[in-house]
Amino acid sequence: MGAPMAGHLIKAGRTVQVWNRTPGRAPELDSHRAPNLDSLGSWADVVFLCIRGTDDVRAVCHDLAGTMCRDTLIVDHSTISPSGAIELHDWLGDRAIRFVDAPITGGSMGAKVGTLTIFCGGDEASIDQVKPILSAYAKRSERVGSKGAGQMMKAANQIAVAGSLLALCESLSFAKKVGLDVVQTREMLSGGAAGSWAFEHYGAKILAGDWSPGFSIDNQLKDLVYAIEAAEESHAAVPGTRLVQQLLGMLQTEGAGDKTTALLYEKMLALTHDHE
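None of these values were measured; they are calculated from a predicted model. (Residues numbered from 1 in each chain as written. Predicted model: local features only at pLDDT ≥ 70, side-chain atom pairs only at ≥ 80, totals over all residues. Heavy atoms only, no water.)

Draft legend 1. Molecular detail of the packing of helix α7 (residues 149-177) against helix α9 (residues 197-208). At a minimum axis distance of 10 Å, the contact between α7 and α9 shows a crossing angle of 50°. By the angle between their axes, α7 is oblique relative to α9. The interaxial crossing formed by α7 with α9 has right-handed handedness. On α9, the residues that touch Ser-164, Leu-165, Leu-168, Cys-169, Ser-171 and Leu-172 of α7 are Ala-198, Phe-199, Tyr-202, Gly-203 and Ile-206. Counted by class, the contact of α7 with α9 contains eight nonpolar, three polar and no charged residues. (Axes fitted to C-alpha atoms, helices over the stretch in contact; angles between N-to-C directions. Helix = DSSP H or I, 4+ residues; strand = E, 2+ residues; numbered from the N terminus. Parallel < 35°, antiparallel > 145°, perpendicular 65-115°, else oblique. Left-handed = near helix turned anticlockwise from the far one by under 90°. Contact = heavy atoms within 4.5 Å. Nonpolar A, V, L, I, M, F, W, Y, C, P; charged D, E, K, R; others polar.)

What follows is the structure, given as structure tokens:
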């Protein structure tokens, strides 16, 4: 997702350098590529991260901290644990580097067309500084609280996403089981109270038998771990999220971790057959 986001910044006239931990990624940005992370850190006023998880973000931030100037800013678009985000706010702050936890939602398509929603956690001045830049690839970016609040909002988002995914897959697998036309079911339910982003987007993938990600089972499970950890720390009940974690975990164990989360539909059908 980072590549199209960087592309939007370039189109908006921003001076951009990019770096990726995996060589060969995003060749379309080669003319903007920094030779290494140290060079990028010493050059940039603002560094945007979009990588996998807490440990990855921690490692990159520790590397950047050795070269970035005082009062420069790191904006992290990754989904990491709220506690990890708070740790990085404090650790970087001790080194006079500012940090905003700014996870995104809207998927790979949102990144491509520049319609992401961004949840920003941190001090108001840093977020006000960066919001005009975020407008290049976000339809909405808002401060949702202080350090770690962005990741807490992303956890709330992923809890809702998990519930919508389960509702879609359970509904369509039920429709198929009882002999309804699944295409008609999806079309009619999408236009009523059952309608959702999942019905519109994942419903289409299910009908096409397209199990390519979108958003992979591996990534969704990573995010649900963070959401459930945050729920446990705050004593919040998330039984539906735990169920989706269990069901997606079954698919991951079967070797489907790189497939779209909409593959849960197939698992629901398989579970139906298992109980016949």
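Draft legend 2. Layout of the environment of Glu-187. Structurally, Glu-187 is set in helix α8 (residues 182-190). Residue class for Glu-187 comes out exposed when judged on its relative accessible area of 52%. Taking the C-alpha atoms as reference points, Glu-187 and Asp-38, separated by 149 residues in sequence, lie 51 Å from one another. (Buried < 20%, exposed > 50% of the residue type's maximum accessible area, 1.4 Å probe, protein only.)

Draft legend 3. The pairing of strand β2 (residues 73-76), seen in detail. The alternating pattern of β2 places Leu-73 and Val-75 on one face and Ile-74 and Asp-76 on the opposite face, and all of these are buried. Across four bridges, the pairing between strand β1 (residues 46-49) and β2 is parallel. Residue Val-47 lies in a different strand from β2, and its bridge partner there is Ile-74. Regarding topology, helix α3 (residues 54-65) serves as the crossover connection from β1 to the parallel β2, and that connection is right-handed. Of the strand pairs in this sheet, β2 and strand β3 (residues 98-101) are connected by four bridges, and their pairing is parallel. Across the sheet, residue Ile-74 finds its bridge partner in β3, namely Phe-99. (Pairing = 2+ DSSP bridges. Right-handed = clockwise from strand over helix to strand, strands pointing away.)

Draft legend 4. Quick look at unusual backbone geometry. Even without a glycine there, the phi angle at Asp-71 is positive, about 70°. Counting through the fold element by element, Asp-71 comes out in the loop between α3 and β2. Located in the positive-phi region is His-235, a residue other than glycine, with phi close to 60°. For His-235, the location among the structural elements is in the loop between α10 (217-234) and α11 (239-253). Judged by its relative accessible area of 75%, His-235 falls in the exposed class.

Draft legend 5. Molecular detail of the packing of aromatic side chains. According to the stated counting rule, one finds one aromatic pair in the structure shown. Look at Trp-197 and Tyr-202: their rings are 5.3 Å apart centre to centre, the planes differ by 85°, and that puts the pair in the edge-to-face class. In this structure, Arg-95 is placed above the aromatic ring of Trp-91, and the distance from its NZ or CZ to the ring centre is 3.8 Å. (Phe/Tyr/Trp six-rings, centres within 6.5 Å; stacked < 30°, edge-to-face > 60°. Lys NZ or Arg CZ within 6 Å of the ring centre and 35° of its normal.)

Draft legend 6. Representation of the environment of Arg-140. Relative to the assigned elements, Arg-140 resides in strand β6 (residues 138-145). For the pair Arg-140 and Ile-118, spaced 22 residues apart in the sequence, the C-alpha separation amounts to 6.3 Å. Once residues lying within four places of it in the same chain are set aside, the contact partners of Arg-140 are Leu-116, Thr-117 and Ile-118.

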